[in-house]
Amino acid sequence: MYDQDADVIVIGSGGGGAVAAKELAEKGLKVLVLEAGPFYGNKKWENPNSERGGEWSSSYEDLDVGIYKKIYNSYENNMNDVVSGVFRFGPSDRRRAPWHRIMKQKGDIWQVSGVGGTTQHYWSQSPRAFPAAVDGIWPISYRELIPYYEKAEATLPVQFSPTTPKEELFYYGAKKAGWDLIPTLNVVTPGYRPNPNAILRANEHLMDPNYSMEQLHEMEGCTLRGHCVNGCTTGPTVDKIAKRSTLVSYIPLALKTGNVAIRPNSFTIKILTDHDPQGGLRATGVRFRDTWTGEIGELTAKAVVLAAGCIESPRLWLNSELPYNGWVGRGLTNHCFDWVGGVFDEKDLMSIMGLPAVYPYMGHTSGARVDIPGTGIFQVSCLSPGLMSFLTYGFSEAGYDALNPPEPGAPWNIHGRVVGPQLKELMLDYSRTMTMLLLTDDEVRYSNRVEVDPLLKDENGPIPLIHYTPSPKTLQRRDKLARYAAETLQAAGAKKIIRSDLPFAFLLHLESTMRMGFVVDTNCEAYQVKRLFIADNSVHFNGIGGPNPTLTTQALATRTADILANKYFDQPIVTA
């Protein structure tokens, strides 16, 4: 048993949990954060994947950028291998297996454990929701979200992406394809714009020959070195790292308050409750398992914030045997991704940009986008060679291109997986290839869901079983986006177009499994369990129209902290 108790316990330290912890602590509340994975960049855990290290961190002085930089690097496999990589979903001890999740279809689930959660590997895109996907649909209005968007944008901070060659080519194609520039953060009409990214501005000395790249790497400011997805290491201290995962943005701010203690390597296995004679069932604490020792501990608090993510939050509700609600785990949305690329001739690039290549590895991983309310978005997304070959040529719902040629009239030349000599030939054109990620306005379906397997368990209890099949309307929208992206590439001069046709179950932007209005009220407090709030993507009512969801989760978590502190601790609401 452990003797630390708190005003609020936060379960999970990713996109929403870290935000709630920081906001509550700044109001003077004592907050404990439980995280299932490791804490990278902290003196208490100098070798976080091979030694147990400490138990709690509660001081900003614990942060150590040297430890951080030893762990994060640009090696694709070292970072992204789902079994042994830094970004995996499993215990810190790499001698142990990852945590298994069941999905009976081809695909992949990008979950990441560790302080910072899945924001450790995200691309930092921070657009707001489409207002049309919220107003008249969510139980709250878009206007109610705006002050919380503004606070999250200022805290991260969010900046518009700089233009490197791939963005210049993207804008060139978008204009020629007929898209207009969008001049606002609140997108109500189709058009193109720089990506609003949670990445610090470029270092002001970047083009100064008096500074070496090694010197710039240790200074504050983005160096446009790419590898955003693999793990940014540019910066002088943990809280000045250029790419703003919550590990380097909200967590240091939370620790600076002196009111937060974070316990990594702690998998929450049950939400504890009791019956209040006046208020009914209420959350009173958590039971957790130390992932190194297997010890079971309990902590109590006056309120609990659940922020474990769209798979783990419903799993924990179900494993805690909280009251039945037919919408727990239901309504899963996923943006039904696709991936479209174009190969350019050197002479065409020279005539457009005066450069011989797209330089896909330069700048932010994704720095420009076309937004289409009602359909979704497509964004330039150029990765390092191994990851680009995987997403462009090696991962498809359609099967092998050689066995499944494009239908007549399709605007792409390649459709599906490419292997052997053809793949080698295409990858020789890597530096002249621009690729785009498509995010579809995904229709909510009750049948898409997270449940727990009735038989299979791991050391933390029954394991999740995930079902996702896009609706016909979602697939129509995805096909429309693929054609828009292909037309933009053609307008830019691409000589060869590739449509990957990513597997439907490529699960990355998961949302809405604990929907507002069904499982939680408009305060994001559970209808059936008082003092239990949810602060992750799962409370979204829908897929917010297609824009990347992290900023909306952070805005909602800021709002939830405001409301929780006001309702149960008499703190004034200051953000709205």
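Criteria and cut-off values
- Each chain has its residues counted from 1, following the order in which its sequence is written.
- The model is predicted, so local features are restricted to residues of pLDDT at least 70 and side-chain atom pairs to those at 80 or more, both for listing and for counting; the totals for chains, interfaces and linings are taken over all residues.
- Only hydrogens and water are set aside when side-chain values are computed; all heavy atoms of the structure are taken into account.
- Starting at the N terminus, helices and strands are each numbered in turn, a helix being any DSSP run of H or I of at least four residues and a strand any DSSP run of E of at least two.
- Relative accessibility thresholds used throughout: buried, under 20% of the residue-type maximum; exposed, over 50%; partly exposed, between the two (1.4 Å probe, protein chains only).
- Whether two residues touch is decided by their heavy atoms; if any such pair falls within 4.5 Å, the residues are in contact.
- Methods summary: accessible areas were calculated by the Shrake-Rupley approach with a probe of 1.4 Å, and residue burial reflects only the protein chains presented.
- Only when DSSP finds a minimum of two bridges between them are two strands counted as paired.
- To get an axis, a line is fitted to the C-alpha atoms, and for a helix only the part in contact is used. The angle between two axes follows their N-to-C directions and goes from 0 to 180 degrees.
- For this classification, under 35 degrees means roughly parallel, over 145 means roughly antiparallel, 65 to 115 means roughly perpendicular, and everything else is oblique.
- For patch building, the residue pool is restricted to those with more than 30% relative accessible area and no salt bridge; the joining distance is 9 Å between like charges and 5 Å between nonpolar side chains (Val, Leu, Ile, Met, Phe, Trp, Tyr).
- Here a salt bridge means any side-chain nitrogen of Lys or Arg lying within 4 Å of a carboxyl oxygen belonging to Asp or Glu.
- Identification of polar contacts relies on pairs of N or O atoms within 3.5 Å, with a donor-acceptor requirement for protein atoms, meaning one able to donate a hydrogen and the other able to accept it, and with residues adjacent in sequence counted only if both atoms are side-chain atoms.
- Stacked, tilted and edge-to-face are the three classes assigned to paired rings of Phe, Tyr and Trp, where Trp is represented by its six-membered ring and a pair needs centres within 6.5 Å; plane angles under 30 degrees give stacked, over 60 edge-to-face, the rest tilted.
- Two conditions define a charge sitting above a ring: the NZ of Lys or the CZ of Arg must be within 6 Å of the ring centre, and it must be within 35 degrees of the ring normal.
- As used here, the arc belongs to the directions running from the helix axis to the C-beta atoms.

Draft legend 1. Geometry of the overall build of the protein chain. Assigned secondary structure in the protein chain consists of 13 helices and 20 strands. The principal-axis extents of the C-alpha atoms in the protein chain amount to approximately 75 × 55 × 45 Å. The 576 residues of the protein chain split such that 62% are buried. The long-range fraction of contacts in the protein chain, counting pairs at least 24 apart against all pairs at least 6 apart in sequence, stands at 72%. Carbon and sulfur atoms provide 52% of the accessible area of the protein chain, an area that totals close to 20300 Å².

Draft legend 2. Region of interest: the sheet that holds strand E12 (residues 368-372). Strand order in the open sheet made by the seven strands is E5-E12-E13-E15-E11-E18-E14, with mixed pairing throughout. One side of each edge strand has no neighbouring strand; the edge strands of this open sheet are strand E5 (191-194) and strand E14 (414-415). Two strands pair when backbone bridges link them, and E14 and strand E18 (residues 496-499) are joined in this way by two bridges, in the parallel orientation. By the bridge assignment, histidine 415 is partnered in E18 with arginine 499. The strands touched by helix H5 (residues 165-176) are E5, E12, strand E13 (376-380) and strand E15 (433-440); relative to E12, the strand with the most contacts, the crossing angle is about 30°. Sitting on the sheet, helix H10 (residues 385-393) touches strand E11 (338-343), E15 and E18, and the angle it makes with E15 is about 55°.

Draft legend 3. Examining the packing of H5 against helix H9 (residues 346-353) more closely. Between H5 and H9, whose axes approach to 11 Å, the crossing angle comes to 85°. It follows from the interaxial angle that H5 and H9 lie roughly perpendicular. Two secondary-structure elements touch here, H5 through Pro165, Glu168, Leu169 and Tyr172 and H9 through Leu349, Ile352 and Met353.

Draft legend 4. Structural context of a nonpolar patch on the surface. Side chains of Tyr400, Leu403 and Val419 sit close together on the surface and give an oily, nonpolar patch of about 320 Å² of accessible area. With respect to the helices and strands, the residue valine 419 is situated in the loop between E14 and helix H11 (420-428). Residue classification places valine 419 among the partly exposed residues on the basis of a relative accessible area of 43%.

Draft legend 5. Structural detail: the packing of H5 against helix H12 (residues 472-492). The contact between H5 and H12 brings their axes to 7 Å, and the two run at 105°. Taken together, the axes of H5 and H12 lie roughly perpendicular to each other. Mapping the contact onto sequence places Leu169, Phe170, Tyr172, Gly173, Ala174 and Lys176 in H5 and Thr488, Ala491 and Ala492 in H12.

Draft legend 6. Fine view of the side chain of serine 249. With respect to the secondary-structure elements, serine 249 resides in the loop between helix H6 (213-217) and helix H7 (250-256). Within polar-contact distance, the side chain of serine 249 engages the backbone oxygen of serine 245 at 2.8 Å. Discounting residues that sit within four places of it in the chain, serine 249 has contacts with Leu156 and Arg244.

Draft legend 7. How the structure looks around the environment of glutamine 422. Looking at where glutamine 422 falls in the secondary structure, it is placed in helix H11. What makes glutamine 422 partly exposed here is its relative accessible area of 33%. For the pair glutamine 422 and arginine 96, spaced 326 residues apart in sequence, the C-alpha separation works out to 38 Å.

Draft legend 8. Fine view of the pattern of salt bridges. Applying the stated criterion to the full structure yields 38 salt bridges. Close ionic contact of aspartate 7 with lysine 302 constitutes a salt bridge, the shortest N to O distance being 3.3 Å. Residue aspartate 7 is found in strand E1 (residues 6-11), and its partner lysine 302 is found in strand E10 (residues 296-306); the two are separated by 295 residues along the sequence. The class for aspartate 7 is buried, based on a relative accessible area of 14%. For arginine 499, the salt bridge identified is with aspartate 338, shortest N-O distance 2.7 Å. On the criterion of sequence distance, the pair formed by arginine 499 in strand E18 and aspartate 338 in strand E11 is long-range, its members being 161 residues apart.

Draft legend 9. Looking closely at the side chain of histidine 415. Structurally, the position occupied by histidine 415 is in strand E14. A polar contact of 2.9 Å, which involves the side chain of histidine 415, links it to the side chain of aspartate 501. With residues near it in sequence (within four places) discarded, histidine 415 still touches Ala398, Asp401, Asn404, Pro406, Glu407, Arg499 and Asp501.

Draft legend 10. Layout of the packing of aromatic side chains. Here the structure, examined in full by the defined rule, presents 23 aromatic pairs. When the centroid spacing of 5.2 Å and the interplanar angle of 85° are considered together, the rings of tryptophan 179 and tyrosine 484 count as edge-to-face. Remark: tyrosine 484 occurs in helix H12 and tryptophan 179 occurs in the loop between H5 and E5; sequence separation between them is 305 residues. For tyrosine 484, a relative accessible area of 24% translates into the label partly exposed. Where tyrosine 359 meets tyrosine 361, the ring centres are 6.2 Å apart and the plane angle is 80°; that geometry is what we call edge-to-face. Residue tyrosine 361 is classed as partly exposed on the basis of its relative accessible area, which comes to 39%. Looking at lysine 256, its charged tip hangs above the ring of tyrosine 60, at a distance of 4.7 Å from the centre. Just above the ring of phenylalanine 541 sits the side chain of arginine 515; from NZ or CZ to the centre is 4.1 Å.

Draft legend 11. Region of interest: unusual backbone geometry. Residues leucine 156 and proline 157 are joined by a peptide bond in cis, for which omega reads -10°. One can find proline 157 in the loop between helix H4 (142-155) and strand E4 (159-160). You will see that asparagine 265, though not glycine, has its phi angle at about 55°, which is positive. Structurally, asparagine 265 can be placed in the loop between strand E7 (260-263) and strand E8 (266-276). At cysteine 524, a residue that is not glycine, the phi angle is positive and equals roughly 65°. Tracing the backbone through its elements, the reader meets cysteine 524 in the loop between strand E19 (505-507) and strand E20 (532-534). On the basis of relative accessibility, which here comes to 0%, the residue cysteine 524 falls in the buried class.

Draft legend 12. Fine view of H9. Every buried residue belonging to H9 is among Asp348, Leu349 and Met353, and all of these are buried. Seen end-on, H9 carries its buried residues on one side only, within an arc spanning 100°. More than 90 degrees from the buried face of H9, the exposed residues found are Lys347 and Ser351. Check the buried side of H9 and you find it contacts H5. Immediately downstream of H9, the backbone of glycine 354 shows phi near 70°, a positive value.

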